[in-house]
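Summary of structural features
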Amino acid sequence: MTADLKTNFIIEKIKESKLPNADFSNLIFGRMFSDHMLVADFIDGQWQTPKIMPYQALTYEPSAKVFHYGQAVFEGMKAYKDAQGNAFLFRPDENFKRINQSAERLGMPPIPEAYFIDGITELVKLDKDWIPTGPGESLYIRPVYIATENAVAASPSSSYRLMIMTSPAGKYYSGDVKVKIEDRFSRACDGGVGYAKAAGNYAAQFYPTEKAKAEGFQQIIWTDSAQHKYLEEAGTMNMFFRIGDKLLTAPTIPESTRILPGVTRKSIIQLAKDNNIAIEVRPIEVNEVIEASKKGDLKEIFGAGTAATVLPIVGLKYKDYYTDLPKQENSYADFFKNKIMDIQYNRVEDPYGWRVKVD
Ligand SMILES: Cc1ncc(COP(=O)(O)O)c(C=O)c1O
(Lines give C-alpha, C1' and ligand atoms only; values in the text may rest on other atoms or scores of the structure.)
Protein backbone atom coordinates (compact mmCIF):
# COMPACT_ATOMS: atom_id res chain seq x y z
CA MET A 1 0.00 0.00 0.00
CA THR A 2 1.43 3.38 -0.95
CA ALA A 3 1.40 5.96 1.82
CA ASP A 4 0.27 8.91 -0.25
CA LEU A 5 -2.20 7.50 -2.70
CA LYS A 6 -4.32 10.61 -2.60
CA THR A 7 -1.95 12.43 -4.91
CA ASN A 8 -2.10 9.50 -7.33
CA PHE A 9 -5.86 9.56 -7.86
CA ILE A 10 -6.72 10.20 -11.47
CA ILE A 11 -9.43 12.83 -11.38
CA GLU A 12 -11.56 13.54 -14.42
CA LYS A 13 -14.08 16.22 -13.55
CA ILE A 14 -17.51 16.41 -15.11
CA LYS A 15 -17.69 18.99 -17.92
CA GLU A 16 -21.05 20.34 -16.89
CA SER A 17 -22.51 19.61 -13.46
CA LYS A 18 -25.95 17.98 -13.36
CA LEU A 19 -26.72 19.94 -10.21
CA PRO A 20 -28.76 22.77 -11.81
CA ASN A 21 -31.23 20.16 -13.08
CA ALA A 22 -31.38 18.10 -9.87
CA ASP A 23 -34.68 18.27 -7.99
CA PHE A 24 -33.97 18.20 -4.25
CA SER A 25 -37.58 18.90 -3.29
CA ASN A 26 -38.68 15.27 -3.33
CA LEU A 27 -35.68 13.08 -2.62
CA ILE A 28 -36.42 9.41 -3.09
CA PHE A 29 -33.76 7.23 -1.50
CA GLY A 30 -31.06 6.02 -3.86
CA ARG A 31 -32.48 7.26 -7.15
CA MET A 32 -30.39 10.31 -7.96
CA PHE A 33 -26.62 10.22 -8.23
CA SER A 34 -24.22 13.11 -7.93
CA ASP A 35 -21.69 14.18 -10.53
CA HIS A 36 -18.75 11.89 -9.73
CA MET A 37 -17.91 8.32 -8.82
CA LEU A 38 -14.74 6.42 -7.99
CA VAL A 39 -13.56 3.28 -9.77
CA ALA A 40 -10.55 1.23 -8.65
CA ASP A 41 -9.56 -2.11 -10.16
CA PHE A 42 -7.65 -5.01 -8.69
CA ILE A 43 -5.96 -6.84 -11.57
CA ASP A 44 -3.24 -9.54 -11.58
CA GLY A 45 -2.75 -9.26 -7.84
CA GLN A 46 -2.28 -5.48 -7.96
CA TRP A 47 -4.46 -2.51 -7.13
CA GLN A 48 -4.51 -0.06 -10.03
CA THR A 49 -4.60 3.71 -9.58
CA PRO A 50 -8.16 4.73 -8.61
CA LYS A 51 -10.02 7.03 -10.91
CA ILE A 52 -12.61 9.61 -9.99
CA MET A 53 -14.75 10.39 -12.99
CA PRO A 54 -18.25 11.48 -14.00
CA TYR A 55 -20.98 9.09 -12.77
CA GLN A 56 -21.73 6.89 -15.75
CA ALA A 57 -22.74 3.45 -16.98
CA LEU A 58 -19.92 0.89 -17.25
CA THR A 59 -19.92 -2.21 -19.41
CA TYR A 60 -19.34 -5.79 -18.23
CA GLU A 61 -19.28 -9.08 -20.06
CA PRO A 62 -22.08 -11.50 -19.21
CA SER A 63 -19.43 -13.89 -17.92
CA ALA A 64 -18.28 -11.50 -15.18
CA LYS A 65 -18.24 -13.60 -12.02
CA VAL A 66 -20.29 -11.22 -9.95
CA PHE A 67 -23.38 -12.04 -12.04
CA HIS A 68 -23.06 -15.77 -11.45
CA TYR A 69 -21.75 -16.26 -7.94
CA GLY A 70 -22.64 -13.06 -6.16
CA GLN A 71 -19.11 -12.30 -5.08
CA ALA A 72 -20.07 -8.76 -4.10
CA VAL A 73 -20.05 -6.71 -0.92
CA PHE A 74 -21.01 -3.14 -0.25
CA GLU A 75 -21.21 -0.38 2.35
CA GLY A 76 -23.61 2.38 3.30
CA MET A 77 -22.58 5.61 4.97
CA LYS A 78 -23.36 9.31 4.79
CA ALA A 79 -21.89 12.80 4.57
CA TYR A 80 -23.65 15.51 6.58
CA LYS A 81 -23.52 19.29 6.28
CA ASP A 82 -23.62 21.67 9.23
CA ALA A 83 -25.24 25.12 9.35
CA GLN A 84 -21.96 26.72 8.17
CA GLY A 85 -21.74 24.46 5.12
CA ASN A 86 -18.95 22.19 6.39
CA ALA A 87 -19.16 18.52 5.41
CA PHE A 88 -18.59 15.60 7.79
CA LEU A 89 -18.42 11.82 7.73
CA PHE A 90 -19.52 9.65 10.66
CA ARG A 91 -17.10 6.93 11.80
CA PRO A 92 -15.82 6.13 8.27
CA ASP A 93 -13.10 3.93 9.80
CA GLU A 94 -15.84 1.55 10.95
CA ASN A 95 -17.21 1.20 7.41
CA PHE A 96 -13.70 0.67 6.13
CA LYS A 97 -13.09 -2.13 8.64
CA ARG A 98 -16.44 -3.67 7.86
CA ILE A 99 -16.03 -3.75 4.07
CA ASN A 100 -12.77 -5.61 4.47
CA GLN A 101 -14.34 -7.98 6.97
CA SER A 102 -17.07 -8.62 4.40
CA ALA A 103 -14.50 -8.94 1.60
CA GLU A 104 -12.48 -11.48 3.55
CA ARG A 105 -15.56 -13.65 4.13
CA LEU A 106 -16.33 -13.61 0.40
CA GLY A 107 -12.74 -14.45 -0.53
CA MET A 108 -11.95 -10.99 -1.94
CA PRO A 109 -8.66 -9.09 -1.50
CA PRO A 110 -8.63 -6.29 1.08
CA ILE A 111 -9.21 -2.75 -0.12
CA PRO A 112 -6.38 -0.32 0.76
CA GLU A 113 -7.46 2.18 3.40
CA ALA A 114 -6.38 5.16 1.29
CA TYR A 115 -8.57 4.07 -1.63
CA PHE A 116 -11.59 3.86 0.60
CA ILE A 117 -11.16 6.72 3.07
CA ASP A 118 -9.33 9.18 0.81
CA GLY A 119 -11.48 8.17 -2.14
CA ILE A 120 -14.65 8.99 -0.23
CA THR A 121 -13.12 12.20 1.06
CA GLU A 122 -12.19 13.28 -2.48
CA LEU A 123 -15.64 12.42 -3.78
CA VAL A 124 -17.44 14.30 -1.02
CA LYS A 125 -15.19 17.32 -1.53
CA LEU A 126 -15.86 17.33 -5.27
CA ASP A 127 -19.62 16.88 -4.86
CA LYS A 128 -20.07 18.89 -1.66
CA ASP A 129 -22.84 20.94 -3.28
CA TRP A 130 -24.81 17.72 -3.66
CA ILE A 131 -25.21 17.36 0.11
CA PRO A 132 -28.77 18.45 0.79
CA THR A 133 -29.31 20.57 3.89
CA GLY A 134 -32.95 20.00 4.89
CA PRO A 135 -33.74 18.35 8.25
CA GLY A 136 -32.39 14.80 8.32
CA GLU A 137 -30.95 15.12 4.82
CA SER A 138 -27.49 13.93 3.82
CA LEU A 139 -25.40 12.56 0.99
CA TYR A 140 -25.63 8.78 1.00
CA ILE A 141 -22.34 7.09 0.08
CA ARG A 142 -22.45 3.66 -1.49
CA PRO A 143 -19.19 1.76 -2.02
CA VAL A 144 -19.72 -1.53 -3.87
CA TYR A 145 -17.01 -4.11 -4.49
CA ILE A 146 -17.50 -6.81 -7.13
CA ALA A 147 -15.83 -9.75 -8.88
CA THR A 148 -15.07 -8.82 -12.48
CA GLU A 149 -13.20 -11.77 -13.97
CA ASN A 150 -14.78 -12.96 -17.20
CA ALA A 151 -15.03 -16.67 -16.48
CA VAL A 152 -17.94 -18.79 -15.32
CA ALA A 153 -16.03 -21.32 -13.22
CA ALA A 154 -17.31 -21.34 -9.64
CA SER A 155 -14.13 -20.10 -8.00
CA PRO A 156 -12.92 -16.76 -6.64
CA SER A 157 -12.37 -14.09 -9.24
CA SER A 158 -8.87 -12.99 -10.22
CA SER A 159 -9.99 -9.39 -10.74
CA TYR A 160 -12.21 -7.06 -8.75
CA ARG A 161 -13.61 -3.57 -8.97
CA LEU A 162 -14.40 -1.10 -6.23
CA MET A 163 -16.90 1.59 -7.18
CA ILE A 164 -18.09 4.39 -4.94
CA MET A 165 -21.09 6.53 -5.81
CA THR A 166 -22.99 9.15 -3.81
CA SER A 167 -26.65 10.05 -3.75
CA PRO A 168 -28.49 12.93 -2.08
CA ALA A 169 -30.83 11.44 0.51
CA GLY A 170 -33.85 12.52 2.50
CA LYS A 171 -35.58 10.26 4.98
CA TYR A 172 -35.34 6.54 4.26
CA TYR A 173 -38.73 5.40 5.49
CA SER A 174 -41.75 7.55 5.22
CA GLY A 175 -44.75 6.66 7.30
CA ASP A 176 -45.17 4.23 10.18
CA VAL A 177 -43.22 1.01 10.27
CA LYS A 178 -44.75 -2.17 11.61
CA VAL A 179 -42.69 -5.32 11.85
CA LYS A 180 -43.37 -9.02 11.71
CA ILE A 181 -41.21 -11.53 13.58
CA GLU A 182 -40.32 -14.14 10.98
CA ASP A 183 -40.74 -17.76 12.04
CA ARG A 184 -40.30 -19.55 8.73
CA PHE A 185 -37.74 -17.94 6.41
CA SER A 186 -34.18 -17.11 7.42
CA ARG A 187 -31.72 -14.45 6.34
CA ALA A 188 -28.53 -15.97 7.74
CA CYS A 189 -27.18 -19.03 9.51
CA ASP A 190 -24.30 -19.81 11.86
CA GLY A 191 -20.99 -19.75 10.04
CA GLY A 192 -22.61 -18.14 7.00
CA VAL A 193 -22.29 -14.62 5.62
CA GLY A 194 -24.89 -12.83 7.77
CA TYR A 195 -22.25 -10.68 9.45
CA ALA A 196 -20.91 -9.54 6.06
CA LYS A 197 -22.54 -6.85 3.97
CA ALA A 198 -22.80 -9.32 1.13
CA ALA A 199 -25.14 -8.47 -1.74
CA GLY A 200 -26.82 -11.88 -1.58
CA ASN A 201 -27.99 -11.30 2.00
CA TYR A 202 -30.31 -8.64 0.68
CA ALA A 203 -31.61 -10.67 -2.24
CA ALA A 204 -32.43 -13.42 0.27
CA GLN A 205 -34.63 -11.01 2.18
CA PHE A 206 -36.69 -9.70 -0.70
CA TYR A 207 -39.20 -12.53 -1.13
CA PRO A 208 -40.14 -12.94 2.56
CA THR A 209 -40.20 -9.16 3.01
CA GLU A 210 -42.56 -8.70 0.05
CA LYS A 211 -44.86 -11.31 1.63
CA ALA A 212 -44.74 -9.44 4.93
CA LYS A 213 -45.52 -6.18 3.11
CA ALA A 214 -48.59 -7.74 1.56
CA GLU A 215 -49.75 -8.45 5.14
CA GLY A 216 -49.15 -4.82 6.13
CA PHE A 217 -45.68 -5.11 7.69
CA GLN A 218 -42.91 -3.01 6.17
CA GLN A 219 -40.05 -4.94 7.74
CA ILE A 220 -39.24 -8.39 9.08
CA ILE A 221 -37.37 -9.05 12.28
CA TRP A 222 -35.36 -12.15 11.52
CA THR A 223 -34.92 -14.95 14.02
CA ASP A 224 -32.13 -17.51 14.24
CA SER A 225 -32.30 -20.08 11.48
CA ALA A 226 -31.85 -23.13 13.76
CA GLN A 227 -34.86 -22.65 16.05
CA HIS A 228 -36.53 -19.32 15.20
CA LYS A 229 -36.23 -18.65 18.89
CA TYR A 230 -33.93 -15.61 19.11
CA LEU A 231 -34.47 -12.14 17.68
CA GLU A 232 -31.81 -10.97 15.25
CA GLU A 233 -32.10 -7.87 13.04
CA ALA A 234 -34.30 -6.34 10.37
CA GLY A 235 -33.72 -5.61 6.66
CA THR A 236 -31.15 -2.84 7.02
CA MET A 237 -31.27 -2.19 10.74
CA ASN A 238 -30.12 -3.70 14.00
CA MET A 239 -32.91 -3.95 16.57
CA PHE A 240 -33.29 -2.64 20.11
CA PHE A 241 -36.00 -3.68 22.56
CA ARG A 242 -36.86 -1.66 25.65
CA ILE A 243 -38.41 -3.74 28.39
CA GLY A 244 -39.18 -1.55 31.37
CA ASP A 245 -36.20 0.78 31.42
CA LYS A 246 -33.74 -1.81 30.18
CA LEU A 247 -32.52 -1.89 26.60
CA LEU A 248 -31.73 -5.17 24.89
CA THR A 249 -29.92 -5.83 21.63
CA ALA A 250 -28.58 -9.03 20.10
CA PRO A 251 -24.84 -9.76 20.01
CA THR A 252 -22.91 -9.54 16.74
CA ILE A 253 -19.57 -10.96 15.72
CA PRO A 254 -17.68 -12.72 17.36
CA GLU A 255 -20.61 -14.08 19.45
CA SER A 256 -22.91 -14.31 16.44
CA THR A 257 -21.94 -14.71 12.79
CA ARG A 258 -25.52 -14.08 11.68
CA ILE A 259 -25.95 -10.38 12.30
CA LEU A 260 -24.41 -7.35 10.60
CA PRO A 261 -22.39 -5.33 13.15
CA GLY A 262 -23.97 -1.92 12.60
CA VAL A 263 -22.12 1.33 13.18
CA THR A 264 -25.30 2.95 14.52
CA ARG A 265 -25.81 0.00 16.88
CA LYS A 266 -22.27 0.30 18.18
CA SER A 267 -22.76 4.04 18.73
CA ILE A 268 -26.04 3.48 20.63
CA ILE A 269 -24.43 0.89 22.91
CA GLN A 270 -21.68 3.40 23.74
CA LEU A 271 -24.17 6.23 24.30
CA ALA A 272 -26.36 4.04 26.52
CA LYS A 273 -23.38 3.14 28.70
CA ASP A 274 -22.33 6.78 28.97
CA ASN A 275 -25.83 8.02 29.77
CA ASN A 276 -26.76 5.54 32.47
CA ILE A 277 -29.22 3.62 30.35
CA ALA A 278 -29.14 -0.04 31.33
CA ILE A 279 -28.25 -2.08 28.26
CA GLU A 280 -27.74 -5.78 27.79
CA VAL A 281 -26.10 -7.20 24.67
CA ARG A 282 -27.21 -10.81 24.67
CA PRO A 283 -29.39 -13.30 22.82
CA ILE A 284 -33.03 -12.18 23.15
CA GLU A 285 -35.77 -14.78 23.04
CA VAL A 286 -38.85 -14.00 21.01
CA ASN A 287 -40.93 -15.29 23.94
CA GLU A 288 -39.30 -12.89 26.34
CA VAL A 289 -40.38 -9.92 24.22
CA ILE A 290 -43.88 -11.26 23.59
CA GLU A 291 -44.39 -12.02 27.29
CA ALA A 292 -43.17 -8.53 28.20
CA SER A 293 -45.58 -7.10 25.65
CA LYS A 294 -48.49 -9.04 27.13
CA LYS A 295 -47.61 -7.72 30.59
CA GLY A 296 -47.34 -4.15 29.33
CA ASP A 297 -43.57 -4.03 29.94
CA LEU A 298 -42.50 -3.73 26.29
CA LYS A 299 -42.07 0.02 26.03
CA GLU A 300 -40.29 0.45 22.72
CA ILE A 301 -38.77 -1.31 19.77
CA PHE A 302 -36.54 0.61 17.43
CA GLY A 303 -34.27 -0.10 14.52
CA ALA A 304 -30.79 1.43 14.17
CA GLY A 305 -29.01 1.95 10.88
CA THR A 306 -27.34 4.57 8.71
CA ALA A 307 -30.36 5.07 6.46
CA ALA A 308 -32.89 6.01 9.14
CA THR A 309 -30.49 6.53 12.13
CA VAL A 310 -33.11 5.41 14.67
CA LEU A 311 -36.53 4.22 13.59
CA PRO A 312 -39.30 3.64 16.14
CA ILE A 313 -41.50 0.64 15.38
CA VAL A 314 -45.24 1.19 15.82
CA GLY A 315 -46.58 -2.35 15.59
CA LEU A 316 -45.35 -5.89 16.19
CA LYS A 317 -46.71 -9.19 14.92
CA TYR A 318 -45.63 -12.68 15.92
CA LYS A 319 -47.68 -15.64 14.67
CA ASP A 320 -51.25 -14.79 15.84
CA TYR A 321 -50.17 -12.09 18.27
CA TYR A 322 -50.24 -8.41 17.36
CA THR A 323 -49.61 -5.32 19.43
CA ASP A 324 -49.44 -1.62 18.67
CA LEU A 325 -46.48 0.16 20.18
CA PRO A 326 -47.75 3.63 21.05
CA LYS A 327 -45.24 6.46 20.96
CA GLN A 328 -43.59 7.03 24.33
CA GLU A 329 -42.92 10.36 25.98
CA ASN A 330 -39.14 10.75 26.39
CA SER A 331 -38.49 7.69 24.28
CA TYR A 332 -35.09 6.10 24.11
CA ALA A 333 -35.48 6.17 20.32
CA ASP A 334 -35.69 9.98 20.32
CA PHE A 335 -32.88 10.26 22.84
CA PHE A 336 -30.44 8.25 20.74
CA LYS A 337 -31.56 9.73 17.45
CA ASN A 338 -30.96 13.26 18.72
CA LYS A 339 -27.64 12.38 20.34
CA ILE A 340 -26.31 10.80 17.15
CA MET A 341 -27.68 13.40 14.76
CA ASP A 342 -26.33 16.24 16.91
CA ILE A 343 -22.87 14.74 16.48
CA GLN A 344 -23.36 14.01 12.77
CA TYR A 345 -24.56 17.53 11.96
CA ASN A 346 -21.94 19.26 14.15
CA ARG A 347 -24.50 20.68 16.57
CA VAL A 348 -22.59 19.57 19.69
CA GLU A 349 -19.08 18.71 20.77
CA ASP A 350 -18.11 15.20 19.79
CA PRO A 351 -16.34 13.60 22.75
CA TYR A 352 -15.82 10.36 20.83
CA GLY A 353 -14.06 11.56 17.70
CA TRP A 354 -16.81 10.00 15.56
CA ARG A 355 -17.28 13.07 13.37
CA VAL A 356 -14.67 13.50 10.64
CA LYS A 357 -14.49 16.82 8.83
CA VAL A 358 -14.06 16.64 5.08
CA ASP A 359 -11.61 19.26 3.99
C1 LIG B 1 -28.53 -6.06 7.53
C2 LIG B 1 -28.20 -4.77 8.17
N3 LIG B 1 -28.18 -4.69 9.52
C4 LIG B 1 -27.86 -3.54 10.16
C5 LIG B 1 -27.55 -2.39 9.46
C6 LIG B 1 -27.18 -1.15 10.19
O7 LIG B 1 -25.81 -0.88 10.05
P8 LIG B 1 -25.24 0.61 10.09
O9 LIG B 1 -25.67 1.18 11.40
O10 LIG B 1 -23.76 0.45 10.00
O11 LIG B 1 -25.84 1.33 8.96
C12 LIG B 1 -27.57 -2.42 8.06
C13 LIG B 1 -27.30 -1.20 7.27
O14 LIG B 1 -26.24 -0.91 6.89
C15 LIG B 1 -27.89 -3.63 7.40
O16 LIG B 1 -27.91 -3.69 6.07
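Focus: the side chain of Gln-344
In this fold, Gln-344 is placed in helix α7 (residues 332-344). At 3.0 Å, the side chain of Gln-344 and the side chain of Tyr-80 are in polar contact. Sequence-distant contacts of Gln-344, that is, excluding residues within four places in its chain, are made with Tyr-80, Phe-88, Phe-90, Thr-309 and Arg-355.

Notes on the site of the ligand
Close contacts around the ligand come from 16 residues, with Tyr-202, Glu-233, Val-263, Thr-264 and Thr-306 the closest. A distance of 2.6 Å is found between an oxygen atom of the ligand and a side-chain nitrogen or oxygen belonging to Thr-264. About the coverage of the ligand: the protein hides 97% of its 380 Å² of free accessible area. Among the secondary structure elements, those contributing two or more residues to the shell around the ligand are α5 (263-274) and β15 (298-305). Across the shell around the ligand, the residue classes break down as 5 nonpolar, 7 polar and 4 charged.

Concerning the nonpolar core
One finds Val-124 and Tyr-145 to be the most contacted residues of the largest nonpolar core, which totals 48 residues. With residues near it in sequence (within four places) discarded, Tyr-145 still touches Trp-47, Gln-71, Ala-72, Val-73, Ile-99, Ala-103, Met-108, Pro-109, Ile-111, Tyr-160, Arg-161 and Leu-162. Counting residues in hydrophobic clusters, the runner-up holds 25 residues, among them Ile-221, Ala-234, Phe-241 and Ile-243.

Calculation notes
- Residues numbered from 1 in each chain as written.
- Predicted model: local features only at pLDDT ≥ 70, side-chain atom pairs only at ≥ 80, totals over all residues.
- Heavy atoms only, no water.
- Helix = DSSP H or I, 4+ residues; strand = E, 2+ residues; numbered from the N terminus.
- Polar contact = N/O pair within 3.5 Å; in protein donor to acceptor, adjacent residues only side chain to side chain.
- Contact = heavy atoms within 4.5 Å.
- Near = heavy atom within 4 Å.
- Areas by Shrake-Rupley, 256 points an atom, 1.4 Å probe, with all protein chains shown as cover.
- Nonpolar A, V, L, I, M, F, W, Y, C, P; charged D, E, K, R; others polar.
- Core = buried A, V, L, I, M, F, W, Y, C linked by side-chain atoms within 4.5 Å.
- Buried < 20%, exposed > 50% of the residue type's maximum accessible area, 1.4 Å probe, protein only.

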